[in-house]
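Breakdown of the fold
Residue-level listing of the chains:
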Amino acid sequence: ALNPERMSSDQDIKKGFDRLSLVWVRIKGYPFWPAVIVTLPDVPDREIKKVTQAQRAAESRLVFTLGDHMFFWAPNSDLKPFRKHFDEYANKSTTKTFVAALKEARTEENSRGAVTSLYLAPPAADPPSETPPSTSSASAAAA
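Residues numbered from 1 in each chain as written. Predicted model: local features only at pLDDT ≥ 70, side-chain atom pairs only at ≥ 80, totals over all residues. Heavy atoms only, no water.

The next thing to look at is the side chain of Thr65. Inspection of the secondary structure assignment puts Thr65 in strand β3 (residues 60–65). Polar contacts involving the side chain of Thr65 include one to the side chain of Asp68, which spans 2.5 Å. Beyond its immediate stretch of four places on either side in the chain, Thr65 contacts Val25, Ile27, Trp33, Pro34, Ala35 and Met70. (Helix = DSSP H or I, 4+ residues; strand = E, 2+ residues; numbered from the N terminus. Polar contact = N/O pair within 3.5 Å; in protein donor to acceptor, adjacent residues only side chain to side chain. Contact = heavy atoms within 4.5 Å.)

See the structure below:
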């Protein structure tokens with residue numbers, strides 16, 4: 001018989017994770033670490049060259065590690081859903097940075113963007129604030 005637990009974790013990897021999903025990432029030499037799935041437009045200008053030039057596996061995702069705030073290309077096989085594996089990985093380290101990472105992950109989990117908005121590049125789609133609101137957005141706001 002098929003093991004449903006095993007299937008769901010394989011499907012998590014295959015379908016990937018949405019942008020800003022909280023995950024645990026395996027980084028060599030460290031315990032599984034709290035991170036957030038990001039995309040290249042999320043990377044601030046000062047980091048973009050380093051990120052685009054970094055080596056990465058074919059099947060990988062860009063993550064932003066919490067606690068130490070670094071961008072890292074992680075193979076899909078090294079990513080685990082945060083909530084699902086919380087009890088398994090949350091006690092693997094007591095270092096100051098890991099504890100800070102856990103705290104940030106909980107904050108981000110409770111209020112999406114609370115931590116990431118401080119470190120990621122602002123969304124390009126947002127119009128500059130000086131622009132007067134168009135009639136369509138004004139009517140949408142009033143609705």
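Next comes the rest of the account.
This next bit is on the nonpolar core. Formed by 33 residues in total, the largest nonpolar core has its most connected members in Trp24, Val25, Val38, Val63, Leu66, Phe71 and Leu79. Sorting the residues of this core by element identifies β1 (22–25), β2 (33–38), β3, β4 (70–75), α3 (86–89) and α4 (96–110) as the ones contributing at least two each. Considering every element that reaches this core, the biggest residue donor is β2, with five residues. (Core = buried A, V, L, I, M, F, W, Y, C linked by side-chain atoms within 4.5 Å. Buried < 20%, exposed > 50% of the residue type's maximum accessible area, 1.4 Å probe, protein only.)

Across its 15 residues, α4 extends 21 Å between first and last C-alpha, which sits within 8% of the 21 Å expected from 1.5 Å per residue. Among all positions of α4, only Phe98, Ala101, Leu102, Glu104, Ala105 and Glu108 are buried. Across the axial projection of α4, the buried residues extend over an arc of 165°, all falling on one side. Facing away from the buried side of α4 by over 90 degrees, the exposed positions are Lys96, Lys103 and Asn110. Residues of α4 that are buried make contact with β1, β2, α3 and α5 (116–119). (Expected span 1.5 Å × (residues − 1). Arc of directions from axis to C-beta.)

These figures come from the coordinates and say nothing about function on their own.
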